[in-house]
Amino acid sequence: MNQKPGFLAEARALAVVALRRLRCPRLTLAHSEVRSEGRARLVIFLLWLAVALFLAWHHVMWRDEVRAYSLALTGNSVADMLRAVHGEGHPALWYLVLRGLHTWVPDPRILPFAGLAFGAAASLLFALRAPFRWPFVALALFGRFALYEYTVVARNYGISMLILFAIAALYPRYRDKGWVIGGLLLLLCNTNLHSVVFAASLLLFWTIELAAEGTLGWTRPTRALLAGALMTAAGAVFCFIEIYPPFNDAAPLAASGQPILSAALQAIPAIGDGYGALLLDNLLPETVRRTATMILVPLLLYGCLLRFAARPGALLAAAAGLLGLLFVFTFVYRGYYRHEALILPFLLTLAWLSAEGRGGHWPARYSRPSIAVTLGRIGAGALIALLVFQVGLSSVMVVRALIGRPASRSFEAAQLLRRPGLRDAIAIGDPDYVLEALPYYVPNPTYFVRERRYGRYWVMSRRAMRIMTPGDMLETALSLRARTGRPVVILMSDPIFRAARPGERMRKNYGLFRQSSGDIARFMAATCRIASFGRVSGGDETYDVFVLRPPLAKGRSPGAISGIRPAPPGDCLLPAAPPGPP
């Protein structure tokens, strides 16, 4: 009994200390502390690299990755390629990188290599140069955006992250040499449309910093700013020329037909609708996810802005980037995690610059240091909370890799096409996009039923939108076999087909899919199902795979292609595929 008050007093003191530390998260370091933490940072990066390589080894290429690679190899020259990608929706930088690498090493494995190289370079730069304490560095690097989405997934977004971190690292030294930062901003504009918003926001940051310093006259810093602004404008123009007008005219747009001002004002308080995937994506029940989207996302994102309360340039640039990207989602097209998460390296870039004293100061009459410090701590807490959610999302990706649930079943489908009797088969599928990943793994020709043509990538065109049925797929397969003499493999991915019951489903820009009992019966009678793949990790590239039953020869009983044993109508058995990495 005599020890109880002492124990309670000690517990209370520990709780007070813990609460104080939570209220005052110390993220930044002095330059001398950065050097002393070098070993810890290197260990963090090596651990990060080990996990990234593990995820990359188990990653299966999916359609968006392979589509860019297919487009990059189009034509006999770079000029032909640039004409092919014009209007695709992305500027040319990523395609130029892939074509250049393929010219040097003509192997499709340059695609995942490029994604991993950009992500690793960005992460190494952040680990070794960012002026933050090592726990915060680890929190940032092990989030889904840095560990998986912009590294393992081979897309153009990893280049954005690298350029943003390069700007943060080089800005203090090269701000007054406009061609360096301006050149990086020009490149940033040509990674993806979203990054044009960040380039303009960083230009705003630069301008406000000079204004706060009182050097906006005809001085060397101002001339450097003008040079940077011209290069940024040129980058934005190049981006616009490359992506407009879009040839994917059936792509879903976000604009709702509302007046622009009205839609913008509605989007600002409902920011969670634009950035909802930054929390637990689709892992939560609908009601919980909706509540988090409406309440938690706005609190965290707008709370992050407080991190820059003491730096007017950083505060206004962060607000411009956050809202500018939101308006892209509102008026251009709705974002997925890969688009929404771009705000995170942008905020980290501004935090990096602010920690090094960049972004200017408020005029003395408006400056309230104690209030700015308090708000900055609140903002730091919001940023930490947001990054914690990203680590949770990356943990999910690691678990899925461990249990063998890939992002796409394209590798397994390709394994089927490597079998005797199917090596020269023509692949068709519904929706058409399910075929786009196959050329990465196998050379089989792919035929797009809606567009009635062979190709490696399909065009999201209104002209190709029409009602599709299992009967359409069957007629196309029979026609192709009759014309070419080749076997035809049919990959069906739509959930309504997999349910095998009458109904219809509208699939936005892919058109309506409708099936009747008669359609299903005729399709199953004329085909053999050789595979039915399981669930995928956060995507829709899983298939039921069918082949046409061979026509009966006179005096011959029903058989199957080489390697397929006869089976009851609708199903065939194929020998097990040898295991192998993606």
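Computed from a predicted structure; not experimentally measured.

A. Here's a closer look at the packing of aromatic side chains. Considering all chains together, one arrives at 23 aromatic pairs under this definition. Aromatic pair Tyr 171 and Phe 205: ring centres 5.6 Å apart, planes at 70°, arrangement edge-to-face. You can see Tyr 171 sitting in helix 10 (residues 157-174) and its partner Phe 205 sitting in helix 12 (residues 193-213), a full 34 residues away along the chain. Both residues of the pair, Tyr 171 and Phe 205, belong to the buried class. Relative to Trp 458, the ring of Tyr 433 lies with its centre 6.4 Å away and its plane at 45°, an arrangement referred to as tilted. Taken together, the residues span a long stretch of sequence, with Tyr 433 in the loop between strand 1 (426-430) and helix 22 (438-441) and Trp 458 in the loop between strand 3 (453-454) and helix 23 (470-484) at a distance of 25 residues. Given a relative accessible area of 5%, Tyr 433 falls into the buried group. One Lys or Arg, Arg 63, reaches over the ring of Tyr 433 and ends 3.8 Å from the middle of that ring. Between the NZ or CZ atom of Arg 144 and the centre of the ring of Tyr 337, over which it lies, the distance is 4.3 Å.

B. Broad picture of the environment of Leu 347. Positionally, Leu 347 belongs in helix 19 (residues 343-355). By relative accessible area, Leu 347 is classed as buried at 3%. Separated by 33 residues in the primary sequence, Leu 347 and Ala 314 have C-alpha atoms spaced 9.2 Å apart. If we skip the residues at most four places from it in the chain, Leu 347 touches Cys 304, Phe 308 and Ala 318.

C. Spotlight on helix 14 (residues 260-267). Of the residues making up helix 14, those classed as buried are Ala 263, Ala 264 and Ala 267. Projection of helix 14 onto a plane perpendicular to its axis shows the buried side chains occupying an angular sector of 100°, all on one side. In helix 14, the exposed positions that point more than 90 degrees away from the buried face belong to Leu 261 and Leu 265. Structurally, helix 14 contributes buried residues whose contacts are with helix 17 (312-331).

D. Representation of the packing of helix 6 (residues 93-104) against helix 7 (residues 110-129) within the structure. Between helix 6 and helix 7, whose axes approach to 10 Å, the crossing angle comes to 125°. Between helix 6 and helix 7, the angle falls in the class oblique. Crossing geometry of helix 6 relative to helix 7 is assigned as right-handed. Residue-level contacts link Trp 94, Val 97, Leu 98, Leu 101 and His 102 of helix 6 to Ile 110, Leu 111, Ala 114, Gly 115 and Phe 118 of helix 7. Class assignment for the residues of the contact of helix 6 with helix 7 results in eight nonpolar, two polar and no charged.

E. Expanded view of the pattern of salt bridges. Per the counting criterion, the structure on display carries 19 salt bridges. With a closest N to O distance of 2.8 Å, Arg 514 and Glu 504 form a salt bridge. Note that Arg 514 is positioned in strand 6 (residues 512-515) and Glu 504 in strand 5 (residues 503-506), a separation of ten residues in sequence.

F. Structural view of a positive patch on the surface. The grouping of Arg 173, Lys 177, Arg 220 and Arg 223 at the surface amounts to a positive patch. Tracing the chain through its elements places Arg 220 in helix 13 (residues 220-243).

G. Fine view of a nonpolar patch on the surface. Residues Val 237, Phe 238, Phe 240, Ile 241 and Tyr 244 make up a contiguous nonpolar surface patch of roughly 540 Å² in combined accessible area. For Tyr 244, the position within the fold is in the loop between helix 13 and helix 14.

H. Molecular detail of the nonpolar core. In terms of nonpolar packing, the biggest core is built from 147 residues, with Phe 126, Phe 145, Tyr 275, Ile 343 and Leu 491 touching the most fellow members. With 13 residues, helix 10 is the largest single contributor of residues to this core. Each residue touching Ile 343, except ones within four places of it in the same chain, is listed here: Phe 198, Tyr 275, Leu 278, Gly 321, Leu 322 and Leu 325. Counting residues in each nonpolar core, the second largest holds 20 residues, with Met 473, Ala 477, Phe 523 and Phe 546 among its members.

I. Inspection of the packing of helix 11 (residues 178-189) against helix 13 at higher detail. Interaxial distance between helix 11 and helix 13 falls to 8 Å at its minimum, and their mutual angle equals 15°. The pairing of helix 11 with helix 13 is recorded here as roughly parallel in orientation. Classified by chirality, the crossing of helix 13 by helix 11 is right-handed. The segment helix 11 lies against helix 13, with Gly 178, Trp 179, Gly 182, Gly 183, Leu 185, Leu 186 and Cys 189 engaging Ala 224, Ala 227, Gly 228, Met 231, Thr 232, Ala 234, Gly 235, Ala 236 and Cys 239. Each residue belonging to the contact of helix 11 with helix 13 can be placed in one class, and the counts come to ten nonpolar, six polar and no charged.

Rules and cut-offs
- Residues numbered from 1 in each chain as written.
- Predicted model: local features only at pLDDT ≥ 70, side-chain atom pairs only at ≥ 80, totals over all residues.
- Heavy atoms only, no water.
- Phe/Tyr/Trp six-rings, centres within 6.5 Å; stacked < 30°, edge-to-face > 60°.
- Helix = DSSP H or I, 4+ residues; strand = E, 2+ residues; numbered from the N terminus.
- Buried < 20%, exposed > 50% of the residue type's maximum accessible area, 1.4 Å probe, protein only.
- Lys NZ or Arg CZ within 6 Å of the ring centre and 35° of its normal.
- Contact = heavy atoms within 4.5 Å.
- Arc of directions from axis to C-beta.
- Axes fitted to C-alpha atoms, helices over the stretch in contact; angles between N-to-C directions.
- Parallel < 35°, antiparallel > 145°, perpendicular 65-115°, else oblique.
- Left-handed = near helix turned anticlockwise from the far one by under 90°.
- Nonpolar A, V, L, I, M, F, W, Y, C, P; charged D, E, K, R; others polar.
- Salt bridge = Lys/Arg side-chain N within 4 Å of Asp/Glu carboxyl O.
- Patch = residues over 30% accessible without salt bridge, like charges linked within 9 Å, V, L, I, M, F, W, Y side chains within 5 Å.
- Areas by Shrake-Rupley, 256 points an atom, 1.4 Å probe, with all protein chains shown as cover.
- Lys, Arg positive; Asp, Glu negative; His and termini not counted.
- Charge placed at Lys NZ, Arg CZ, Asp CG, Glu CD.
- Core = buried A, V, L, I, M, F, W, Y, C linked by side-chain atoms within 4.5 Å.

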